[in-house]
Amino acid sequence: MNTVAALPVVRFAPSPTGRLHVGNARAALLNWLFARRHGGSFILRLDDTDRERSTEAFARDIEEDLRWLGLHWDRLERQSARFADYDAARDRLVAAGRLYPCYETPEELEFRRKRLLARGRPPVYDRAALRLTDADRARLEAEGRKPHWRFLLESGDVRWNDLVRGPQHIDESSQSDPVLIRADGTYLYTLPSVVDDIAFGITHVIRGEDHVTNTGAQIQLFRALGAEPPAFAHLPLLTGADGRSLSKRLGSLSLADLRAQGIEALAVCALLARLGTADPVEPVDSLQTLVDSVDLGRVGRAAARFAEEELRALSQRTVHGLSFAAVKPRLDPAAAALGEAFWLAIRGNIARVADAADWVPIVQGPMQPAIEDPAFLEQAAALLPPEPWTGATWKAWTSALSASTGRKGRALFHPLRRALTAREQGPEMAALLPLIGRTRTAARLRGETA
Ligand code: GLU
């Protein structure tokens, strides 16, 4: 376990420009588990500075997906409400000489990049804009050019001890000064994220590995704005079972799709929490079990393989272990009305909670029996014990039937199962029989719909 001095404050910061998929859900989950484990708080931050691509509908969907997973947030923040803070940080950086206007067009930048590459040099921005005089800038602006703004990196190594990747360093001399503000005045993600992390007292930034390259510049930004950087933990990307990137398939791995397929939220969490660790992936009966065992230090550095088949299997096993109290609010009302005995009888035979409804007519009718051997079933009906029926009734009845007919095994049981359930397989008959009851059982043995 990592020792955490002050109570941690973490954030999950999706952009509401699409639905959450298993990749983002993993970052959300690990942040939430980490906060709960250490008694800290979990902030949902909607990174909606991109007003064209962000939508209210996606923001609502994200909230719904997180609620479905059971990841409740302690605080909700939206970047679109915080532009005044970003502008203040911008002014502060400009005053300190760390943010400077640049006038190159994308074509000019591309041309310079290619020229450097052709000479075998790294394509780092040459800071030509720093050499512009006031007169140069005035002329460029008179030509109608609008500046974009770059953050002046300090040269040298930036180091941090990544809670997943271990000691890291990025040589900022080999990086281009990052653009923080576009020519149209809009902010890229880098600055608002740091301003918010400072404002909300974020202690740990837990996010995907695709942000490792931003981290050096962000650490310098924290310092330029007078703050100590938080701790960082970068989670390796998810790949498919074949080891290839999931990015193209992520669209079909949205939480909304998984939910529509009847996948259990708890199974999604159990899998994502353990993926890429050496710990076994197994069903859990609550998120608390995952809270108790979460440890960022156990997440490996290698890409974690995500297999849908594994999720499906884990989801089924999760359903098989759900208690009646946990599942009751989600059961079809007719299935819920049949109570705990019904749920315990059938849960091992369904893949999805919704499938419980398939067994309702089998227990309470009406159901058309499948009759294979009417004479044998007539004998069986004659031996039906009187009610009340219990879990022991099936054994007593079929033992008596075996003694009187000489039948055993499949020849004894199969015609009974077919008559009473019309199916080839299913739950233990010992558990179903008392639920079906004597009247319906007798009728079905006679071939009547009951
Ligand atoms: N909005 C960013 C993203 O979705 C947040 C990254 C971060 O956690 O810093 O990638």
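The sections below set out a description of the structure shown in this document.

Reading the values: the criteria
Residue indices begin from 1 for each chain and proceed along its sequence in written order. Confidence filtering applies because this is a predicted model: local features only for residues at pLDDT of at least 70, side-chain atom pairs given and counted only at 80 or more, and all residues used for totals across whole chains, interfaces and linings. Side-chain metrics rest on all non-hydrogen atoms present in the structure, leaving aside hydrogens and water. Each helix is a run of H or I in the DSSP string that is no shorter than four residues. Each strand is a run of E no shorter than two, and both are numbered from the N terminus. The globule rule used here is 2.2 Å times the number of residues to the 0.38 power, and the radius of gyration it is set against is calculated over C-alpha atoms. Per-residue accessibility, obtained with a 1.4 Å probe over protein chains only, is compared with the maximum for each type, and a residue is labelled buried under 20%, exposed over 50%, and partly exposed between these values. Residues scored as charged are limited to Lys and Arg (positive) and Asp and Glu (negative), so that His and the chain ends carry no count. Where a charge lies is defined by one atom per residue type: Lys uses NZ, Arg uses CZ, Asp uses CG and Glu uses CD. In this analysis, axes come from line fits to C-alpha atoms, helices being fitted only over the stretch in contact, and the angle between any two N-to-C directions falls in the range 0 to 180 degrees. Here is the rule for angles: anything less than 35 degrees is roughly parallel, anything more than 145 is roughly antiparallel, 65 through 115 is roughly perpendicular, and the remaining ranges are oblique. In this scheme the handedness of a crossing depends on how the near helix is turned from the far one: anticlockwise by less than a right angle means left-handed, clockwise means right-handed. We call two residues in contact whenever any of their non-hydrogen atoms come within 4.5 Å of each other. Put simply, Ala, Val, Leu, Ile, Met, Phe, Trp, Tyr, Cys and Pro go in the nonpolar bin, Asp, Glu, Lys and Arg in the charged bin, and everything else, Gly too, in the polar bin. The set of buried Ala, Val, Leu, Ile, Met, Phe, Trp, Tyr and Cys residues whose side-chain atoms join them within 4.5 Å is what this entry labels a nonpolar core. Here a polar contact is recorded for every N or O atom pair within 3.5 Å, except that within protein the pair must consist of a potential hydrogen donor and a potential acceptor, and residues adjacent in sequence are included only if both atoms are side-chain atoms. Here, proximity means that at least one heavy atom of the residue falls within 4 Å of the molecule or strand. For the accessible areas, the method is Shrake-Rupley and the probe is 1.4 Å, while residue cover comes only from the protein chains on display. Here the rule is simple: two strands pair whenever DSSP picks up at least two bridges between them. What a helix should span is 1.5 Å times the count of its residues minus one.

## Section: the overall build of the protein
Piece 1. In terms of regular secondary structure, the protein is built from 20 helices and twelve strands.
Piece 2. Taken over C-alpha atoms, the radius of gyration comes to 31 Å for the protein, far larger than the 22 Å a tight globule of 450 residues would show.
Piece 3. Along the first, second and third principal axes, the C-alpha set of the protein runs to 110 × 45 × 40 Å.
Piece 4. With 450 residues in all, the protein has 48% of them scored as buried.
Piece 5. A distance of 3 Å separates the average location of the 59 positive side-chain charges in the protein from that of its 57 negative side-chain charges.

## Considerations on the packing of helix H18 (residues 409–421) against helix H20 (residues 438–445)
Two measures define how a pair of helices packs: the angle their axes make with one another and the distance between the axes.
Piece 1. Contact geometry for H18 and H20: axes closest at 8 Å, N-to-C directions at 110 degrees. As judged from the angle between their axes, H18 and H20 are roughly perpendicular. Read as a crossing pair, H18 and H20 show a hand that is right-handed. Here H18 contributes Leu 416, Ala 419 and Leu 420 to the contact with H20, which in turn contributes Thr 441, Arg 444 and Leu 445.
Piece 2. When the residues that make up the contact of H18 with H20 are grouped by side-chain class, the tally is four nonpolar, one polar and one charged.

## Considering the nonpolar core
Piece 1. Ranked by internal contacts, the top residues of the largest apolar core, which has 54 residues, are Val 22, Leu 33, Leu 66, Leu 272 and Phe 306.
Piece 2. Broken down by element, this core gets its largest block of residues, ten residues, from helix H1 (residues 22–37).
Piece 3. With 39 residues, the next largest nonpolar core counts Ala 345, Ile 346, Trp 397 and Leu 416 among its residues.

## Looking at the environment of Asp 295
Piece 1. Following the sequence through the fold, Asp 295 ends up in the loop between helix H10 (287–293) and strand E12 (304–305).
Piece 2. Looking at Asp 295, the relative accessible area reads 17%, which means it is buried.
Piece 3. Measuring from C-alpha to C-alpha, the distance between Asp 295 and Ala 273 comes to 9.5 Å, with 22 residues separating the pair along the chain.

## Points about the environment of Leu 384
Piece 1. Within the element layout of this structure, Leu 384 appears in the loop between helix H16 (374–382) and helix H17 (393–405).
Piece 2. Here Leu 384 falls in the buried class, since its relative accessible area comes to 5%.
Piece 3. C-alpha of Leu 384 to C-alpha of Ala 400: the two residues are 16 residues apart in sequence and 9.2 Å apart in space.
Piece 4. Once you skip the residues sitting within four places of it in the chain, Leu 384 turns out to touch Trp 389, Trp 397, Arg 438, Thr 441, Ala 442 and Leu 445.

## Quick notes on the side chain of Gln 79
Piece 1. Along the polypeptide, Gln 79 turns up in the loop between strand E3 (75–78) and helix H3 (83–95).
Piece 2. Residue classification places Gln 79 among the buried residues on the basis of a relative accessible area of 1%.
Piece 3. For Gln 79, the side chain forms a polar contact with the side chain of Asp 196, separated by 2.9 Å.
Piece 4. Once residues within four sequence positions are removed from consideration, Gln 79 is found in contact with Arg 45, Leu 46, Asp 47, Asp 48, Thr 49, Tyr 86, Pro 192, Ser 193 and Asp 196.

## Quick notes on the site of the ligand
Piece 1. Residues in close proximity to the ligand include Arg 11, Ala 13, Ser 15, Asp 47, Tyr 189, Ser 193, Arg 207 and His 211, which together make up its full environment.
Piece 2. The contact in question runs from a nitrogen atom of the ligand to an N or O atom on the side chain of Asp 47, over 2.6 Å.
Piece 3. When the ligand sits alone it has 300 Å² of accessible area, and the protein chains cover 79% of it.
Piece 4. Broken down by class, the residue content of the shell around the ligand amounts to two nonpolar, three polar and three charged.

## Describing the sheet that holds strand E5 (residues 148–151)
The strands making up a sheet associate through hydrogen bonds between their backbones, and the pairing can be parallel or antiparallel.
Piece 1. Spatial strand order, E4-E5-E8: three strands in an open sheet with antiparallel pairing. The open sheet terminates on both sides in strands that have one partner only, identified here as strand E4 (99–102) and strand E8 (179–181). This sheet shows a mean twist of 45 degrees between the axes of neighbouring strands, independent of strand direction.
Piece 2. Judged from the four bridges that link them, E4 and E5 form a sheet pairing that is antiparallel. Note that in E5 the partner of Leu 99 across the bridge is Phe 151.
Piece 3. Set on the sheet, H3 makes contact with E4, E5 and E8; between it and E4 the angle comes to about 90 degrees.

## Regarding helix H4 (residues 106–118)
Piece 1. The terminal C-alpha atoms of H4, which comprises 13 residues, lie 18 Å apart, in line with the 18 Å expected from a rise of 1.5 Å per residue.
Piece 2. In the segment just after H4, Gly 120 is the residue with positive phi, at about 75 degrees.

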